[in-house]
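Given next are the chains, with one letter for each unit.
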Amino acid sequence: MANDTLTITDNRTNATYTIPIKDGAIRAMDLRQIKTDPEDFGLLSYDPAFMNTASCRSSITFIDGDRGILRYRGYPIEQLAENCRFLEVAYLILNGELPTARQLEEFEAQIKAELAVPENIKRIIEGFHHDAHPMAVLASTLAALSTFYPDAKKVRDPANRRKQIIRLIAKVPTLAAYFYRYSRGLPYVDPDPRLSYTGNFMKMLWKGLEPDYQVNPVVERALDILFILHADHEQNCSANAMRSVGSSEADPYVCAAAATAALFGPLHGGANEQVLRMLDEIGSVENIPSYIEDVKNRKRLLMGFGHRIYKNYDPRARIIKQTADKVFEVTGRNPKLDIALELERIALSDEYFISRKLYPNVDFYSGIIYQALGFQPEIFTVLFAIPRMTGWCAQWDEMMGDPEQKIARPRQVYIGYGHRDFVPMDQRG
Ligand code: SDX
């Protein structure tokens, strides 16, 4: 554009200011020059929940919420889900380019070499009650890994960051599988580097007494696709947590624990578990209209619907829905799908949802597949965290290498008391 600037007139002083526009944004710090007098701190931008605030410049993931577009490093999610294995996409997200065959082989070898976790982690897992929520255990054991890898504190060393990233991506399925086995009173199954990333995860979860666990290729492929779809999603709540905690130069393990904590919330990654509980509560297609009424009367949320960015169908939900049919050929159809499909049909034809641009998001159908694969709802969000570890690590690495970034410390608009003097106890109340 000819003149990428904004001219602002402060009507309090009639002063005008010209502020540069770059990539569709102004720098909030350029507002600080707008003052009513030299003592004035200057203008702040106030944006609760960061509805319209860019915290960084990133080249990892692009989302167009109005058109339902999601791309990792420029590649459409539909093409990646159809043509890639998860680790191939993890390499792309971390390195910016699709790997050559040799690069992928080396990356997979690095991951396989780091699948094991320190034995003491089993002791930590065994300190939890068997019915502890797996997301709380995952956050705890990720933070515990920090104590085994003190070199991870060298966060300004790109090679060291890469070493820790490989460890995090490699070990998160092992942490998840170990607690899954412990919570069911089953012996641990150690990682098997002969298998694929998802195949190894399946074996650590489900191996019984058979001499050699056979990976079901349909289930392995479905998990791969689900992992690809969940790998990154730009500046979502948990990625923001990863970046914010990382900005203090904390090590990546405790940053990942913080990101896991953020993902645990029912408004974020915890929604996939809540969707299944919602479908269980609805129970049958006949009960959908009354549930929808409760939602419209603001007594409930329609879990798995709505999104801060997508004001159109979440492209991931569409792919998951397509994947469900292939999974059900192996596992048998999950009857909850009928309730979900009817719920979607009714919601998408109801003005309440249409006017608010509420569509199914990634969490609406994922739980139905997970349940058909034999997972219990409380582990669904762990199945989100495992692939998202790649996205969190890529966002963290990008931030640590960004010369513009420093410790995150937002400002506030203070609305509390002005100065007041201490009141002795006998004069209060
Ligand atoms: C994920 O950010 C990401 O990228 C996240 C994620 C990722 O990959 O990292 O995509 C993963 O977290 C997906 C979202 C999973 N969460 C859920 O499914 C929980 C249910 N959804 C809602 O909580 C909500 O839609 C959010 C949290 C997802 C988005 O909330 P926003 O952007 O703050 O929107 P809002 O709450 O301001 O809603 C706008 C309107 C409101 O109505 P009004 O007050 O304007 O009348 O829509 C309503 C809301 O009440 N609304 C819903 C609703 N979601 C929004 N009403 C009923 N059910 C819902 N689910």
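Above this note sits the structure.
This structure is a prediction, so every number in the text was calculated from the model and none was measured. (Residues numbered from 1 in each chain as written. Predicted model: local features only at pLDDT ≥ 70, side-chain atom pairs only at ≥ 80, totals over all residues. Heavy atoms only, no water.)

### A word on the packing of aromatic side chains
1) Next: Per the stated rule, a full pass over the model turns up 16 aromatic pairs.
2) Next: A centroid spacing of 6.4 Å and a plane angle of 75° characterise the contact between tyrosine 197 and phenylalanine 227, whose relative ring orientation is edge-to-face. Taken together, the residues tyrosine 197 in helix α7 (residues 197-206) and phenylalanine 227 in helix α8 (residues 217-229) connect sequence positions 30 residues apart.
3) Next: On the basis of relative accessibility, which here comes to 7%, the residue tyrosine 197 falls in the buried class.
4) Next: The class of phenylalanine 227 is buried, set by a relative accessible area of 0%.
5) Next: For the pair tryptophan 206 and phenylalanine 375, a centre-to-centre distance of 5.0 Å together with 40° between the ring planes defines the contact as tilted. A residue pair is termed long-range when its members are at least 10 positions apart, and tryptophan 206 in helix α7 and phenylalanine 375 in the loop between α16 (362-372) and α17 (380-400) qualify at 169 residues.
6) Next: Classification of tryptophan 206 as partly exposed rests on a relative accessible area of 24%.
7) Next: Over the ring of tyrosine 180 we find arginine 184; its NZ or CZ atom is 3.9 Å from the centre of that ring.
8) Next: Seen from the ring of tyrosine 417, arginine 420 lies directly overhead, with NZ or CZ sitting 3.4 Å from the centre. (Phe/Tyr/Trp six-rings, centres within 6.5 Å; stacked < 30°, edge-to-face > 60°. Helix = DSSP H or I, 4+ residues; strand = E, 2+ residues; numbered from the N terminus. Buried < 20%, exposed > 50% of the residue type's maximum accessible area, 1.4 Å probe, protein only. Lys NZ or Arg CZ within 6 Å of the ring centre and 35° of its normal.)

### Describing the nonpolar core
1) Next: Tyr72, Met278 and Phe375 are the most contacted members of the largest nonpolar core, which has 121 residues in total.
2) Next: If one sorts the elements of this core by residue count, α17 sits on top with 13 residues.
3) Next: Setting aside its immediate chain neighbours within four residues, methionine 278 contacts Tyr291, Leu301, Leu302, Met303, Leu343 and Phe364. (Core = buried A, V, L, I, M, F, W, Y, C linked by side-chain atoms within 4.5 Å. Contact = heavy atoms within 4.5 Å.)

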